[in-house]
Amino acid sequence: METLANGQAAAPRAAIALASHTTAEIAALAERFLTPNYRNAPIVFVDGEGPWGVTLEGHRLLDFSAGVAVNGLGHNHPDLVAALQEQTRQLIHQSNYWHNAHAAPLAEALCGEFTRATGLPARAFFCNSGAEGTEATVKMARRYHAKVLGKPRPGVITVHGSFHGRTYAAMTATAQPKYQEGFEPLVPGFRYGQFGDLASIAALIDDTVGAVLIEVVQGEGGVSVPPPGFFKDLRKLCDEHGLLLCLDEVQTGLGRTGTFFAFEQEGIAPDIVWLAKALGGGIPVGAVLAREPVANALVAGSHATTFGANALAMRAGRTVLAIFARDKLVAHTAEVGAYLLAQLHAAFDGQPYTLDVRGRGLMCGVAIKGDPKLVVEAARDRGLLLSVAGTNVLRLTPPLIVTREHCDLAVAQLRAAADAVLLAS
Ligand SMILES: Cc1ncc(COP(=O)(O)O)c(C=O)c1O
């Protein structure tokens, strides 16, 4: 192969100067020019360090939302920053017509985790978000039945309270009317059972159904932990009826619940599992991992995405996994997560507004009587960021690098915020 002459090496340059704005100006621009689908609070984050987010005015907030479970390594992790700086100098993107240096090795690493957890060989498809992972999973499951097994079984069972993303199949899989209203017609073939209720799922099965799509711990739905034995029974049900068990680990995956995959705590092996959020450390990356021969349903040309598996995203994923392994972050998450849950129980059990305290690893929720949005706002005023899940759950998904001291600080501020809002009303 002939190598063509390189251009001149570019001299280092200063960044192109861009207009800078105040927080009020940014909020006004957003109000005028962004579609109004987000309700952004008037805070502009410009920097961060570990579990701390830093605003334009220089305020430091303890970030127990972590970009909704994305920033597993916190903000500006020095090893991730160094890797991304190097990668942006080398190569950001090339197409899937060729290989880059990082996609296949990242697939090897993730499939290695799948095999460690299940004993089964696997293959990976890379995309850019959780919803794209859901889409790829539905397409893979349908194509597997139609083309590999030779009998179309397009029906997909999901469960109420689920969240799988906002694209059409993902939104249809998301069995919550508030995400679907006004967007009909939905994608055909979806039917909905109840999380944790095997009989409700069994009742939906006929020979047109080919897959069950489900989160191991429901995140957006309210940090709902499955009842003991539910997933073992579900695996058995799927096996009896020839259904693919497809686990959405977009939020729970990559150690968040104290094991690399949340399904490891259920003692089962899925046919397909998909990840996103924490995989790129903030760079958009999604991955669908499927056992063979299910993965082979995506034959050449059957599915694709332009940005999927690009060099920057794959370098991010490899670096995140390397940091996880070096710093034993999954074990750390199990240990600190148990501490956080215990502290939440100590602070909230028995309060007149507390309905439940629950969680796995560093994915915790406090269900309350009252408006959780008001508590989240009050916590923010006290320097703590967290999010709302479901209708009544205060959700904590801190970076996996947090310490017990960070947890103490967060629980104290959250309790003070909840008392101020919920005891006053
Ligand atoms: C379990 C789960 N699946 C899918 C998604 C959708 O991911 P994305 O917003 O990256 O499309 C989310 C997002 O919160 C999620 O929590």
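See the structure shown above.
Positions within a chain are numbered from 1, following the residues in the order the chain's sequence is written. Where totals are concerned, whole chains, interfaces and linings use all residues; where local detail is concerned, this predicted model gives features only for residues with pLDDT of at least 70, and gives and counts side-chain atom pairs only at 80 or more. With hydrogens and water set aside, each side-chain value is computed from the structure's full complement of heavy atoms.

Things to note about the site of the ligand
Distances are taken per atom, and a residue is near a molecule or strand as soon as one of its heavy atoms is within 4 Å of it. The ligand sits among S129, G130, A131, F163, H164, G165, E215, E220, D248, V250, Q251 and K277. Contacts described as polar in this section are N or O atom pairs within 3.5 Å, which, within protein, must combine one atom able to donate a hydrogen with one able to accept it, while residues neighboring in sequence count only if both atoms come from side chains. Between the ligand and the protein, one listed contact pairs an oxygen atom with a backbone N or O atom of G130 at 2.8 Å. Between a nitrogen atom of the ligand and a side-chain N or O atom of D248, the distance comes to 2.7 Å. Computed on the free molecule, the ligand has an accessible area of 400 Å², of which 81% lies beneath the protein chains in the complex. Here the nonpolar group is Ala, Val, Leu, Ile, Met, Phe, Trp, Tyr, Cys and Pro; Asp, Glu, Lys and Arg are the charged ones; every other residue, Gly included, is treated as polar. The residue inventory of the shell around the ligand, partitioned by class, reads 3 nonpolar, 5 polar and 4 charged. Residue burial considers only the protein chains on display, and all accessible areas are found by Shrake-Rupley using a 1.4 Å probe.

Digging into the environment of L186
Looking at the secondary structure, you find L186 in the loop between helix 7 (177–180) and strand 6 (190–193). Throughout, a contact is declared for two residues whenever any of their heavy atoms are within 4.5 Å. Once residues lying within four places of it in the same chain are set aside, the contact partners of L186 are M171, T172 and Q180. To qualify as a helix, a DSSP run of H or I must reach at least 4 residues; to qualify as a strand, a run of E must reach at least 2; elements of each kind are numbered from the N terminus.

Observations regarding the packing of helix 3 (residues 78–90) against helix 10 (residues 311–326)
Only the stretch in contact is used when a helix axis is fitted, and all axes are lines through C-alpha atoms; the angle between N-to-C directions ranges over 0 to 180 degrees. Contact geometry for helix 3 and helix 10: axes closest at 10 Å, N-to-C directions at 155 degrees. Compared by their axis directions, helix 3 and helix 10 come out roughly antiparallel. Between helix 3 and helix 10 lies a crossing whose hand is right-handed. Across the interface between the two elements, D79, L80, A83, L84, E86, Q87, T88 and Q90 of helix 3 pack against A311, L312, R315, A316, T319, V320, I323 and R326 of helix 10. Reported orientations rely on four angle classes, namely roughly parallel under 35 degrees, roughly antiparallel over 145, roughly perpendicular from 65 to 115, and oblique for the rest. For any helix crossing, the convention is left-handed if the near helix is rotated counterclockwise from the far helix by under a right angle, and right-handed if that rotation is clockwise.

A few points about the packing of aromatic side chains
Each pair of aromatic rings taken from Phe, Tyr and Trp, with Trp reduced to its six-membered ring, is defined by centres within 6.5 Å and is described as stacked if the planes are under 30 degrees apart, edge-to-face if over 60, and tilted in the remaining cases. Enumeration according to the criterion identifies 8 aromatic pairs in this entry. Arranged with centres 5.1 Å apart and planes meeting at 70 degrees, the rings of F163 and Y179 form a pair that is edge-to-face. Here Y179 lies in helix 7 and F163 lies in the loop between strand 5 (155–159) and helix 6 (168–173), a separation of 16 residues in the sequence. Ring centres of F348 and Y353 lie 6.3 Å apart, and the angle between their planes is 65 degrees; on these two criteria the pair is classed as edge-to-face.

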